[in-house]
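Structural overview
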Amino acid sequence: MTAPLRSSEPALVHVALGPRGYDVVIGRGAVAGLGERIAALRPGASAAVVTDRTVASHHLDAAQAALQRSGIRAIPLVVPPGESSKSWSVLQTICEDLIAARIERGDVVVALGGGVVGDLAGFAAAIVRRGLELVQVPTTLLAQVDSALGGKTAINSRHGKNLVGVFHQPSLVIADTALLDTLAPRVFRAGYAEVVKYGLINDAGFFAWLEANWGEVFAKTPAREHAIATSCRAKAAIIVRDERESGERALLNLGHTFGHALEAAAGFSDRLLHGEAVAIGIALAFAFSAHLGLLAQREAERVARHLAAVGLPTHPAAIEGGLPGPDGLMELIAQDKKVRRGKLSLILARGIGASFVAENIDPAQVRAFLAEKLARP
């Protein structure tokens, strides 16, 4: 844990991947330096700014102005907002538009948006001309603490979430916390689930700090920068040790196996935001851990209580419009990327701050657990 930042003091988190390493710049107003930092990284580069219509209405002008002040040609590419844009058709449009705009190797793709834009822009940057530079400018809490770091890019398949994609690390991440001021409360709250995750994985002290200070994180105080910087440091450390998710990095998927299945069941729609699905998934992962006798029931209840205190859902019954039964959810879980040769892995916990990768979980146990949860709202 570090002392909370002063709001005027940007934080730098370095993702130490050798010659492919990059900085995460965290602070209010950080986007003003976007052009200067890109010009230093890639002198003479042009920049295609991929964003969605909602983000464009709030932040595109400021991003373009920052680029133009440094003499960088900026080409905006605007896509529809929402999870439905993580599709083949929208990816194809972005790729064709990048080529039409004469974005070349050595130029930069700027992802200005939340996780959807980051995934789309990152995937396109990875495959157009066999690889373009990527700069992430995340505009949601979820993206600032999770999806903008680490190089995961993907689109969704009709079979499940994030099943088609590549690893493509950014060259720079600008996490301007002032951009979060325009978020709807529901969207900010959904991103908070990914902040809580870092305390639950391996930092019980951070989880306790969040329990005491979450109101300050929501209230635009320096506690917000502190929570984001702490989360980014935690993720950066794991990325460096396991870039391609062959082992430890899987811990970052705490709550995601259940959560992704619930998202797919809800049709990747506004019925259930990704962070809300993760919150339910985390609660289910801790409840299942208690069910297996790995931790005390009171620990699972403490986790669910904190998530509920900030207004996040913790039970599948909170999802409006209904869900498939346990068999339908198990079909979706079977498509999860953490299923290997038909064997199910889950991120479970022996306590708060003591998560681990549990291999070869019996699907029958998971189905019985889900059946019980679905039957008892």
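About the criteria used
Residues numbered from 1 in each chain as written. Predicted model: local features only at pLDDT ≥ 70, side-chain atom pairs only at ≥ 80, totals over all residues. Heavy atoms only, no water. Helix = DSSP H or I, 4+ residues; strand = E, 2+ residues; numbered from the N terminus. Rg over C-alpha atoms; globule rule 2.2 N^0.38 Å. Contact = heavy atoms within 4.5 Å. Areas by Shrake-Rupley, 256 points an atom, 1.4 Å probe, with all protein chains shown as cover. Lys, Arg positive; Asp, Glu negative; His and termini not counted. Charge placed at Lys NZ, Arg CZ, Asp CG, Glu CD. Axes fitted to C-alpha atoms, helices over the stretch in contact; angles between N-to-C directions. Parallel < 35°, antiparallel > 145°, perpendicular 65-115°, else oblique. Left-handed = near helix turned anticlockwise from the far one by under 90°. Pairing = 2+ DSSP bridges. Buried < 20%, exposed > 50% of the residue type's maximum accessible area, 1.4 Å probe, protein only. Phe/Tyr/Trp six-rings, centres within 6.5 Å; stacked < 30°, edge-to-face > 60°. Lys NZ or Arg CZ within 6 Å of the ring centre and 35° of its normal. Salt bridge = Lys/Arg side-chain N within 4 Å of Asp/Glu carboxyl O. Expected span 1.5 Å × (residues − 1).

This part covers the overall build of the chain. Per the secondary structure count, the chain includes 13 helices and 11 strands. In terms of C-alpha radius of gyration, the chain reaches 20 Å, essentially the compact-globule figure of 21 Å for 377 residues. Referenced to the eigenvectors of the C-alpha coordinate spread, the extents of the chain come out at roughly 60 × 45 × 40 Å. Long-range pairs, those at least 24 residues apart, make up 76% of the contacts in the chain between residues at least 6 apart in sequence. Here the chain displays about 15100 Å² of accessible surface, and carbon together with sulfur accounts for 51% of that area. Side-chain charges of the chain comprise 39 positive and 36 negative groups, with the mean position of each set lying 2 Å from the other.

To continue, consider the packing of helix H1 (residues 34-41) against helix H2 (residues 53-69). The N-to-C vectors of H1 and H2 enclose an angle of 45 degrees; their axes lie 7 Å apart at closest approach. Relative to H2, H1 is oriented oblique. Of the two possible hands of crossing, H1 and H2 adopt the one that is right-handed. Within the contact between the two elements, H1 uses Leu 34, Gly 35 and Ile 38 and H2 uses Ala 63, Ala 66 and Leu 67.

This paragraph deals with the side chain of Thr 177. Positionally, Thr 177 belongs in the loop between strand E9 (172-176) and helix H6 (185-202). Sequence-distant contacts of Thr 177, defined by excluding residues within four places in its chain, comprise Ile 26, Gly 27, Arg 28, Gln 144, Arg 224, Glu 225 and Ile 228.

Let us look at the sheet that holds E9. What the seven strands build is an open sheet, ordered E1-E2-E9-E6-E5-E3-E4; its pairing is mixed. Every interior strand has two partners, whereas the edge strands, strand E1 (11-15) and strand E4 (74-79), have only one. Neighbour to neighbour, the strand axes of the sheet diverge by 20 degrees on average, direction disregarded. Inspection of the sheet shows strand E2 (residues 22-27) paired to E9 by five bridges, in the parallel sense.

To continue, consider unusual backbone geometry. Even without being glycine, Arg 129 reaches a positive phi, approximately 50 degrees. Residue Arg 129 is classed as partly exposed on the basis of its relative accessible area, which comes to 35%. The phi torsion at Lys 220 lies on the positive side, around 65 degrees, for a residue other than glycine. Within the secondary structure layout, Lys 220 lies in the loop between helix H7 (204-218) and helix H8 (222-241).

The element E2 is extensively covered by neighbouring structure, given that five of its six residues are classed as buried. Pairing of E1 with E2, which is carried by five bridges, proceeds in the antiparallel orientation. Across the sheet, residue Val 13 finds its bridge partner in E2, namely Val 24. The turn joining E1 and E2, which pair antiparallel and follow one another in sequence, is formed by six residues; a positive phi near 65 degrees is taken by Gly 18.

Taken as a whole, this structure holds six aromatic pairs when the rule is applied. Pairing Phe 188 with Phe 218 gives two aromatic rings, centres 5.0 Å apart and planes at 75 degrees, and the pair type is edge-to-face. With Phe 188 in helix H6 and Phe 218 in helix H7, this residue pair connects regions lying 30 residues apart in the sequence. For Phe 188, a relative accessible area of 6% puts it in the buried group. An aromatic cluster is present here, built from Phe 188, Tyr 192, Trp 214 and Phe 218 joined pairwise through their rings. The cationic tip of Lys 197 hangs over the ring face of Tyr 198; the distance from NZ or CZ to the ring centre is 5.0 Å. Above the plane of the ring of Phe 356 lies Arg 350, whose end atom (NZ or CZ) is 3.7 Å from the centre.

Quick look at the pattern of salt bridges now. For the structure shown, the criterion picks out 16 salt bridges. Note that Arg 186 is salt-bridged to Glu 276, the shortest N-O span being 2.7 Å. With Arg 186 in helix H6 and Glu 276 in helix H10 (residues 274-291), this residue pair connects regions lying 90 residues apart in the sequence. Overall, Glu 276 belongs to the buried group, its relative accessible area being 10%. One salt bridge connects Asp 327 with Arg 367, and the closest N-O pair in it is separated by 2.6 Å. Of the two residues, Asp 327 sits in helix H12 (residues 326-333) while Arg 367 sits in helix H13 (residues 363-375), which places them 40 residues apart along the sequence.

Along E9, five of the five residues are buried, which leaves the element largely enclosed by surrounding structure. Here E9 shows no split at all, with Leu 172, Ile 174 and Asp 176 on one side and Val 173 and Ala 175 on the other all buried. Both strand E6 (residues 133-138) and E9 contribute to a ladder of two bridges, which runs parallel. By the bridge assignment, Val 135 is partnered in E9 with Leu 172.

This next bit is on H8. Under the 1.5 Å per step criterion, the end-to-end length of H8 is 29 Å for 20 residues, consistent within 8% with the ideal 28 Å. Counting buried positions along H8 yields 14 of 20 residues, so the element is predominantly enclosed.

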